[in-house]
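Commentary on secondary and tertiary structure
Okay, here's what each chain looks like letter by letter:
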Amino acid sequence: MNIYTRTGDEGKTSVIGGRVDKDNIRVEAYGTVDELNCFVGSAISLMKEDKYPDMIPHLLQIQHELFDCASDLAIYKPGIREFKVKKEMVDQLEKWIDLYDEETEDIKRFILPGGSQVSSAMHVCRTVCRRAERRVVTLAKEQEINSEVRKYLNRLSDLFFTVARTANVREGLADVEYIRSAEVFRKRK
Amino acid sequence: MNIYTRTGDEGKTSVIGGRVDKDNIRVEAYGTVDELNCFVGSAISLMKEDKYPDMIPHLLQIQHELFDCASDLAIYKPGIREFKVKKEMVDQLEKWIDLYDEETEDIKRFILPGGSQVSSAMHVCRTVCRRAERRVVTLAKEQEINSEVRKYLNRLSDLFFTVARTANVREGLADVEYIRSAEVFRKRK
Amino acid sequence: MNIYTRTGDEGKTSVIGGRVDKDNIRVEAYGTVDELNCFVGSAISLMKEDKYPDMIPHLLQIQHELFDCASDLAIYKPGIREFKVKKEMVDQLEKWIDLYDEETEDIKRFILPGGSQVSSAMHVCRTVCRRAERRVVTLAKEQEINSEVRKYLNRLSDLFFTVARTANVREGLADVEYIRSAEVFRKRK
Ligand code: B12
Ligand code: B12
Ligand code: B12
Ligand SMILES: C[C@H]1O[C@@H](n2cnc3c(N)ncnc32)[C@H](O)[C@@H]1O
Ligand SMILES: C[C@H]1O[C@@H](n2cnc3c(N)ncnc32)[C@H](O)[C@@H]1O
Ligand SMILES: C[C@H]1O[C@@H](n2cnc3c(N)ncnc32)[C@H](O)[C@@H]1O
Ligand SMILES: [Mg+2]
Ligand SMILES: [Mg+2]
Ligand SMILES: [Mg+2]
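Residues numbered from 1 in each chain as written. Chains lettered and ligands numbered in written order. Predicted model: local features only at pLDDT ≥ 70, side-chain atom pairs only at ≥ 80, totals over all residues. Heavy atoms only, no water.

Focus on the pairing of strand β1 (residues 12-15) of chain C
Where β1 of chain C and strand β2 (residues 18-21) of chain C come together, four bridges link them in antiparallel fashion. When the sheet's bridge partners are listed, S14 of chain C is paired in β2 of chain C with R19 of chain C. (Pairing = 2+ DSSP bridges. Helix = DSSP H or I, 4+ residues; strand = E, 2+ residues; numbered from the N terminus.)

Dropping the structure here:
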């Protein structure tokens, strides 16, 4: 099969329902979601089955859902197709956050992103996710988008934060608090 | 030797043949190529000689060629120097794609970026390469560039995709298809 | 504790002393510093105590200082709070560069970013740091910032370069010179 079609050599490319410049903010947005998806794949590749029997399937489901995000973002004119990202997917992320949150102690201060390789990889996902969210926010200013995608990404970076902390707990590693930080985290529920 | 010259502390920096702001799109473009080059280095560092005797030298050559790309992009005014990236380098990438492609089965659907550590690292390279391509496309709108660089990067992300899939084959891992995807890949040749 | 507050779902978020769009250049700048901090955490997670007894504490201190950078950048209107990044922190980076520099041979040409996993990870930090620097330079054009942050990041990418080279020395690996490069590095002191 020929994966390369040479059709994008001059800087133009196809989206669902149209053709745009490769540096179009829409392409930048789903391109960053694609990049995030790869870092999630990298993180999973570091996880041993026995220590992360729950995280692996959760993250694999998230990889499918990041494709759903990219699909919705790739639609040139809303209405061509039904959107794939639904409110229930955001709700599911919240349930997972609550679940993993029980394994960690409450924090009051910022923590250094790091610890085990798995935890560090989750922190990388957290910040690349936030970069993707920023690109989607820019896109949404210019064109109509599925607003559930924005919510999904916002919640997803919080899930990655929680999973990063849980991973260190499971490795028996303590998170290091940022020394000059005040008490920035507050109880909310 | 003093690596630090402090000359860039105020936000200006030198390109070949001039001095520009550090956030100039030209600097952004070759800076992203440099970032990509580092992810390629990371990927190689994960590869064992016996399983990847062909990929390691190919990727090392690509690292040299990414410097060629950065060199060409760093030239402030075309004409100061001959360009380094030539059509033959793009052709070579296509030959490698065809070569690795033979080790994998044809696909019809998108696959989750992941599997082994090496494969995941290749997918990261794939998407950072596409980010670099986007930056070069933006630069090309504003200033004359060597258009072979754009083609090189376009082909390179397809090579990374093919190598990512081949790496999973060599590790005995099956790629996971994106569940909600239709048949998006078509035979071309 | 509830990490997710849902307050950012509509694309706005809070900085220290105000509320802005999530794709505001200020958020982009400290968001990129946060991303860099995660790659530093990843790099540390690859380092064995016995081979990197000096680098680990140095990099951990840098992680704290990257929070200081992010704090300063997150201040909406200068004057609300005293800045955290001071000239002494930049001086300290220079001392570390001089220190690690002694372990490596002088170079005259560009080197391929790679070698060991630790060295490659340092090169990734180097280029993500330069991306953060570019974002800070853009921010500084629009709004007043703590200019020590810009200097800190400029010096930090040079430190990462030096540490990357030192790491390969400690692993007994030789850096590969870019074949088509001229002599680009010059003695400065
Ligand atoms: C800037 C910021 C960041 C920056 C941090 C940079 C930094 N070093 O400040 C970045 C981008 C890295 C960040 C990341 C995250 N953040 Co944040 N962040 C903020 C923000 C806008 C300001 C934080 C802040 O106040 N910093 C300044 C601190 C307090 O200053 P400080 O120098 O450390 O403290 C000084 C003063 O506070 C004073 N002081 C301290 N104590 C006292 C006591 C008294 C009596 C007095 C007078 C003074 C005083 O002296 C200190 C020394 O100078 C707040 C929202 C807000 N406006 O409060 C959210 C916030 C804290 N973040 C939040 C979250 C969720 C996160 C993330 C988990 C998001 C994610 N998914 O990635 C991550 C966690 C990162 C980590 N590794 O821990 C949430 C927390 C929600 C909750 N349950 O409480 C907040 C509240 C935002 C929100 N959603 O409403 N964040
Ligand atoms: C958007 C897009 C992406 C997004 C994917 C997001 C997503 N989830 O859709 C991203 C950026 C991730 C991407 C990446 C890549 N892509 Co792409 N992508 C596209 C694009 C523009 C649209 C894909 C698409 O149609 N999605 C919508 C799909 C089909 O919708 P769907 O919801 O999955 O399917 C619905 C409908 O199709 C319908 N349906 C399905 N079957 C049927 C049957 C009938 C009878 C009916 C009525 C309806 C129906 O129902 C489905 C359910 O809702 C196409 C070009 C084009 N315009 O077709 C290229 C395209 C598929 N990509 C291509 C390539 C090469 C790639 C990459 C390899 C590039 C690279 N080097 O990184 C990667 C591979 C990624 C991976 N992991 O597999 C090539 C494939 C070339 C080939 N030989 O066929 C294409 C054709 C572009 C091109 N060059 O021309 N891509
Ligand atoms: C572009 C550039 C980069 C690009 C490299 C792209 C590339 N391939 O050129 C990128 C962004 C990757 C880069 C990175 C870095 N760089 Co730089 N870079 C430059 C810059 C602007 C130009 C380099 C250059 O001249 N390239 C063109 C080269 C020389 O061309 P060439 O094709 O290889 O060589 C041709 C000609 O030179 C000619 N030629 C060669 N020899 C001779 C001899 C004769 C007699 C003749 C007639 C002709 C001739 O023929 C050659 C073949 O075509 C210089 C500043 C400047 N204006 O000189 C800084 C510079 C070399 N970089 C510098 C630094 C510090 C770095 C980094 C360490 C920064 C960092 N912290 O990340 C990294 C190191 C990367 C690495 N892996 O080694 C410093 C070095 C300081 C010092 N002590 O000397 C410089 C001098 C900038 C500065 N601060 O002043 N850099
Ligand atoms: C925790 C803090 O992080 C910042 N914040 C919120 N969303 C993003 C994003 N997508 N990228 C970077 N920073 C963000 C805000 O300042 C918030 O208060
Ligand atoms: C496979 C799909 O990926 C998108 N595409 C093409 N080039 C890039 C790039 N540099 N970055 C991100 N997305 C890209 C187009 O939509 C193409 O059809
Ligand atoms: C070594 C070379 O790297 C370029 N340079 C300087 N600062 C940055 C940055 N933040 N990002 C990318 N490239 C940069 C300049 O061209 C310099 O000369
Ligand atoms: Mg948020
Ligand atoms: Mg392409
Ligand atoms: Mg510099």
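And the narrative resumes.
Describing the environment of N168 of chain A
Residue and element names in this part refer to chain A. Position of N168 relative to the elements: it lies in helix α5 (residues 147-170). Using a relative accessible area of 1% as the deciding quantity, one classes N168 as buried. Linking N168 and T138, residues 30 residues apart in sequence, is a C-alpha distance of 34 Å. (Buried < 20%, exposed > 50% of the residue type's maximum accessible area, 1.4 Å probe, protein only.)

Quick notes on the environment of A140 of chain C
Residue and element names in this part refer to chain C. Tracing the sequence through the fold places A140 in helix α4 (residues 117-142). Sequence separation of A140 and A29 is 111 residues, and the distance between their C-alpha atoms is 9.9 Å. Setting aside chain neighbours within four positions, we find A140 in contact with I145 and R150. (Contact = heavy atoms within 4.5 Å.)

With respect to the interface of chain B and chain A
The interface of chain B with chain A comprises 47 residues on the first partner and 35 residues on the second. Approximately 3500 Å² of surface area, both sides summed, lies buried where chain B meets chain A, with 53% of it carried by carbon and sulfur atoms. Applying the counting rule to chain B against chain A returns eleven salt bridges. Of the charged contacts, one joins K22 of chain A and E133 of chain B as a salt bridge, the two residues approaching to 2.5 Å between their closest N and O atoms. Seen at the junction of chain B and chain A, the total is 22 residue pairs in polar contact (both at pLDDT 80 or more). Mapped by element, the contributors of at least two residues to the side of chain B that touches chain A are α3 (87-101), α4 (117-142) and α5 (147-170) of chain B. Per element, the largest residue contribution to the side of chain B that touches chain A is 16 residues, and it comes from α4 of chain B. (Buried area = accessible area lost by both parts, 1.4 Å probe. Salt bridge = Lys/Arg side-chain N within 4 Å of Asp/Glu carboxyl O. Polar contact = N/O pair within 3.5 Å; in protein donor to acceptor, adjacent residues only side chain to side chain.)

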